[in-house]
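Residue-level structural notes
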Amino acid sequence: MTTSSETASGERENVDSLQIQRGPEFAALRRALRVFVFPATVVFLVWYALYVALSAYARDFMAVKVFGEINVALLFGLSQFVSTFLIAWLYARYAARNLDPKAEALRREYERPADDATADGGPEGTVQA
Amino acid sequence: MNLLADGDTSTTRTWTIALFLVFVAATLAITVWAGRRTKGASDFYAGGRSFSGFQNGMAIGGDYMSAASFLGIAGMIALNGYDGFLYSIGFLVAWLVALLLVAELLRNSGKYTMADVLAFRMRQRPVRTAASVSTVTVSIFYLLAQMVGAGALVALLLGIKADHTFLGMDADTAKIATIVLVGALMITYVVIGGMKGTTYVQIIKAVLLLVGAALMTVLVLAWFKFNLSDLLHAATTKSGKGPAFLEPGLKYGKEVPGDAWQTMVNKLDLLSLGLALVLGTAGLPHILIRFYTVPNAKTARKSVLWAIGIIGVFYLMTLALGFGAAALVNRPEMFDPDKGAGNVAAPLLARVLGSHFFGGDLGGAILLAVIAAVAFATILAVVAGLTLASSSSLAHDLYANVFRRGKTSDKEEVVVARWAAVVIGIVAIVLAIFAQRLNVAFLVGLAFAVAASGNLPAILYSLFWKRFNTSGAVWAIYGGLGSAVLLLVFSPVVSGTENALFPGAHFNLFPLTNPGLVSIPLGFIFGWLGTLIGRDKADPEKYAELEVRSLTGIGAH
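Along each chain, residues carry numbers from 1 onward, in the same order as the chain's sequence is written. The naming scheme follows written order: chains are lettered A onward, ligands numbered 1 onward. Local features in a predicted model are, by the rule used here, given only for residues with pLDDT of at least 70; side-chain atom pairs are given and counted only at 80 or more, and totals for whole chains, interfaces and linings are based on all residues. Calculation of side-chain values draws on the structure's entire complement of heavy atoms; hydrogens and water are dropped beforehand.

1. Considering the overall build of chain A
- A run of DSSP states H or I qualifies as a helix once it reaches four residues; a run of E qualifies as a strand once it reaches two. Both are numbered from the N-terminal end. Looking only at helices and strands, one finds 4 helices and 2 strands in chain A.
- Counted from the first residue to the last, chain A has its helices and strands arranged as α-α-α-β-β-α.
- Taken across its 129 residues, chain A has 43% of its residues classed as buried.
- Only heavy atoms enter the contact rule, under which two residues are in contact if any of them lie within 4.5 Å. Within chain A, counting contacts between residues at least 6 apart in sequence, those at least 24 apart form 54% of the total.
- Computed with a 1.4 Å probe, the accessible areas rest on the Shrake-Rupley method; for each residue, only the protein chains presented here act as cover. Within the structure as shown, chain A displays about 7000 Å² of accessible surface, and the carbon and sulfur contribution to it stands at 61%. Exposed residues in this analysis have more than 50% of their type's maximum accessible area, buried residues have under 20%, and partly exposed residues fall in between, with area computed by a 1.4 Å probe over protein chains only.

2. Considering helix α5 (residues 83–109) of chain B
Residues and elements named next belong to chain B.
- Given a helix with a known number of residues, its expected span is that number minus one, times 1.5 Å. With 27 residues, α5 extends 39 Å from end C-alpha to end C-alpha; this agrees with the ideal 39 Å at 1.5 Å per step.
- Along α5, the sharpest kink reaches roughly 50°, centred on V102.
- The element α5 is extensively covered by neighbouring structure, given that 27 of its 27 residues are classed as buried. The bend reported for a residue corresponds to the angle between axes fitted to the seven residues ending at that residue and the seven starting there.

3. Details of the confidence of the model for chain A
Residue and element names in this part refer to chain A.
- Residues of chain A with pLDDT of at least 70 account for 74%, and the chain-wide mean is 82.
- Scored from 0 to 100, pLDDT records how confident the predictor is in each individual residue. Residue range residues 1–13 is modelled with pLDDT below 50. Its contacts to residues more than four positions away, or to other chains, number 26 contacts.
- Note that pLDDT drops below 50 for residues 114–129; the model gives that stretch 14 contacts with residues more than four away or on any other chain.

4. Looking at the interface of chain A and chain B
- Each partner contributes residues to the interface: chain A has 59 residues there, and chain B has 66 residues.
- Of the roughly 5400 Å² buried where chain A meets chain B, counting both sides, 69% is carbon and sulfur surface.
- Criterion for a salt bridge: a side-chain nitrogen of Lys or Arg within 4 Å of a carboxyl oxygen of Asp or Glu. Our count for the contact surface shared by chain A and chain B stands at 4 salt bridges.
- Measuring nitrogen to oxygen at the nearest pair gives 2.7 Å for the salt bridge that ties R301 of chain B to D100 of chain A.
- Think of a polar contact as two N or O atoms within 3.5 Å of one another; within protein, one of them needs to be a possible hydrogen donor and the other a possible acceptor, and neighboring residues in sequence only count if both atoms come from side chains. At the junction of chain A and chain B, the tally comes to 15 residue pairs in polar contact (both at pLDDT 80 or more).
- Put simply, the parts of the chain that give the side of chain A that touches chain B at least two residues each are α1 (17–22), α2 (24–57), α3 (59–63), β2 (70–71) and α4 (72–110) of chain A.
- Taken together, the residues of the side of chain A that touches chain B sort by class into 36 nonpolar, 13 polar and 10 charged. The buried area of a pairing is the accessible area, by a 1.4 Å probe, that goes missing from both parts when the two are put together, added over both. As a working rule, the residues Ala, Val, Leu, Ile, Met, Phe, Trp, Tyr, Cys and Pro are called nonpolar, Asp, Glu, Lys and Arg charged, and the rest polar, with Gly in that last group.

5. Structural notes on the UniProt feature "transmembrane region" (unreviewed entry) in chain A
Residue and element names in this part refer to chain A.
- UniProt positions are given in the numbering used here, feature names are shortened, and annotations may be inferred rather than shown by experiment. This chain's UniProt record puts "transmembrane region" (unreviewed entry) on residues 35–58 and 70–92.
- In this annotation, residues 35–58 is assigned 96% helix and 0% strand; the end-to-end C-alpha distance for the span is 33 Å.
- For residues 70–92, the end-to-end C-alpha separation is 32 Å, with 91% helix and 9% strand making up the annotated structure.

6. Quick word on the pattern of salt bridges
- All chains considered together, the criterion is met by 15 salt bridges over all chains.
- Taking the shortest distance from any N to any O, the salt bridge between E104 of chain B and R301 of chain B comes out at 2.9 Å. Of this pair, E104 of chain B sits in helix α5 while R301 of chain B sits in helix α12 (residues 297–328); the two residues are 197 residues apart in sequence, bridging distant segments of the chain.
- With relative accessibility at 11%, the residue E104 of chain B sits in the buried group.
- Judged by its relative accessible area of 5%, R301 of chain B is buried.
- Residue K542 of chain B is joined to E545 of chain B by a salt bridge in which the shortest nitrogen-to-oxygen separation is 4.0 Å. Within this pair, K542 of chain B and its partner E545 of chain B are both found in helix α20 (residues 540–552), separated by 3 residues, close to a single helical turn.
- Take K542 of chain B: its relative accessible area is 11%, and that puts it in the buried class.
- Connected through shared salt-bridge partners, R30 and R34 of chain A together with E547 of chain B make up one network.

7. A short note on the environment of D397 of chain B
All names here are of chain B.
- Following the sequence through the fold, D397 ends up in helix α15 (residues 360–403).
- With 14 residues separating them along the chain, D397 and K411 place their C-alpha atoms 15 Å apart.
- With sequence-adjacent residues up to four places away left out, D397 is seen in contact with T113, A115, D116, R128, S132, S392 and V402.
- Engagement of the side chain of D397 in a polar contact is seen with the side chain of R128, the distance being 2.7 Å.

8. Quick word on the environment of L21 of chain B
- Relative to the helices and strands, L21 of chain B is located in helix α1 (residues 6–36).
- As for L21 of chain B and A131 of chain B, which are separated by 110 residues in sequence, their C-alpha atoms are 37 Å apart.

9. As for the packing of aromatic side chains
- The pairing test for Phe, Tyr and Trp rings, Trp by its six-membered ring, is centres within 6.5 Å, and the orientation test on the planes gives stacked under 30 degrees, edge-to-face over 60, and tilted for anything in between. A full pass over the atoms with the stated rule returns 30 aromatic pairs over all chains.
- Taking 5.6 Å as the distance between ring centres and 45° as the angle between the ring planes, the aromatic pair formed by F36 of chain A and Y91 of chain A counts as tilted. Of this pair, F36 of chain A sits in helix α2 while Y91 of chain A sits in helix α4, placing them 55 residues apart in sequence.
- Take Y91 of chain A: its relative accessible area is 1%, and that puts it in the buried class.
- The rings of Y64, F70, Y87, F91, W95, Y142, Y252, F314, Y315 and F448 of chain B are connected pair by pair, giving a single aromatic cluster.

10. A word on a nonpolar patch on the surface
All names here are of chain B.
- Distance thresholds for patches are 9 Å for like charges and 5 Å for nonpolar side chains (Val, Leu, Ile, Met, Phe, Trp, Tyr), applied to residues having over 30% relative accessible area and no salt bridge. Residues W475, I525, W528, L529, L532 and I533 make up a contiguous nonpolar surface patch of roughly 550 Å² in combined accessible area.
- Broken down by element, the nonpolar patch gets its largest block of residues, 5 residues, from helix α19 (residues 516–533).
- With respect to the secondary-structure elements, I525 resides in helix α19.
- Relative accessible area serves as the criterion here: at 44%, I525 is assigned to the partly exposed category.

Structure, rendered in structure tokens:
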């Protein structure tokens, strides 16, 4: 059934969300998102936790001078910047290749712009699937 | 006592005031211009959703890089060396939570406020009320931190001494006058300009802050012939703290010889701070509503990417500023407890750099004035964002959806939002005048801990957990928020220690100064428990609608 919630505007609510949600294209999009963001979150949180834990409990290791006055603590801290930039860049690339096309295809299939209303018949817009 | 020689003081004062007035005049002009283009609710709350990824990225930077980051972190590094860097790292890494888990999904599924997402598939009234309470709590604590900071700064930066007056005001009156002025300006920005005006103020501030910090960073590095090791060596030598200055442990996770309990508590406190920093950002309402100012999820992602770049570069520069101040500024002057104990490290560094590179005392006085004006601009942009977040939530969540049950017009909502901004502004001004004794870092820490404990669990459950229901959301918010605030009340920050709010009293039953380590897991546990115990079942159709909308943008506003 269609939904008309208090939060929603109601203007484009003639789409059956349950039907989309159960479809294979949506499942693929969800899987593509989760397969990247969940592991990536674990990785950066563990990497950050390791840094904080070493700052608290491995002071001798962090104090080792690598060159000049530059010690492990400083390099480890800077590596958090590098890893943050790297993960952000990897995600941007991944999303552009693997998420945006899938979301775009679903939008094209189910969200018919108003001026397009006569182009295909049913409100579900099931042209291919 | 000599922050500045008297002749320099008046030069600096004149320049600071002149530059600040230029900033205020320019931003007010833009605000009026933006106000004319603010027609409906979507303009007022979300800036018409028409900003580009780069613009919003800059505005996020302007909203996020507060005076606490600019003055506070630089001062902390100058005072305690390496430990100040911990803040920079936590504040940056936190953006990955926002990028990967929150920004795009929130953009697609919400409309104007954080509560739009939390209440999407729940019963509206209880969840919106809880979200509004939490939004206003977090924002007010953050607002207080900024305004108290502004008051403390002005006496220092304008060089008002204990026995001197400025325009007939002594230092205490000048502080109050500053708080009132900052409050009046932020109300003006928000009431007239709405999200559009506020966004432009934040963009301008971000540019000024980045240019100012970059100039000082280059000068510091040039002083040491671009040899980082030499800079660190000079900082260490001048700090008088030996190699420990470049290692973690001078401030956080201190080892107390012979007191294993206190040592353990200190180290847990460091872990607690680390956790609150990394999880707090994605629960800050004034940051979350910035994602609604762009047309779609893809642009929201781009704006976070820009923000990560801008904020990352800025925090790298705080390293140079902090160690530069440690190496070049006279320590007793920088850490005079009457002068904000380190909060003036960056402006004082500007004076040293100015007089070295730009022709003596006059150059020093002018560069100090420039950086002081940038600091005021920084504070103004952040408080405007916070006021907007609170007033949006009061008008859109509490008034329109709780009191009027969604039966309001756009026009009426915007009128209420403007009045709410006035009320929030006045409350913040009054509280800030009474809160002047409070420690700024304590207030910011509270805001982050409350955001991480009260908001983040509810947001993540809403977006990713199918069974999450109304009672789960209400429990998560009140449980996380309540435990964070309660643990703080019983922490050494409030009583039982020298620097506490009530040094004489002893109800410090909870040993950690930051509640995050306990209250953040509690927020998640409360949300889970509330979901299991609650009698209302999650609505699978609503979840389908939320999930489809959040991932694809179908039906998004």
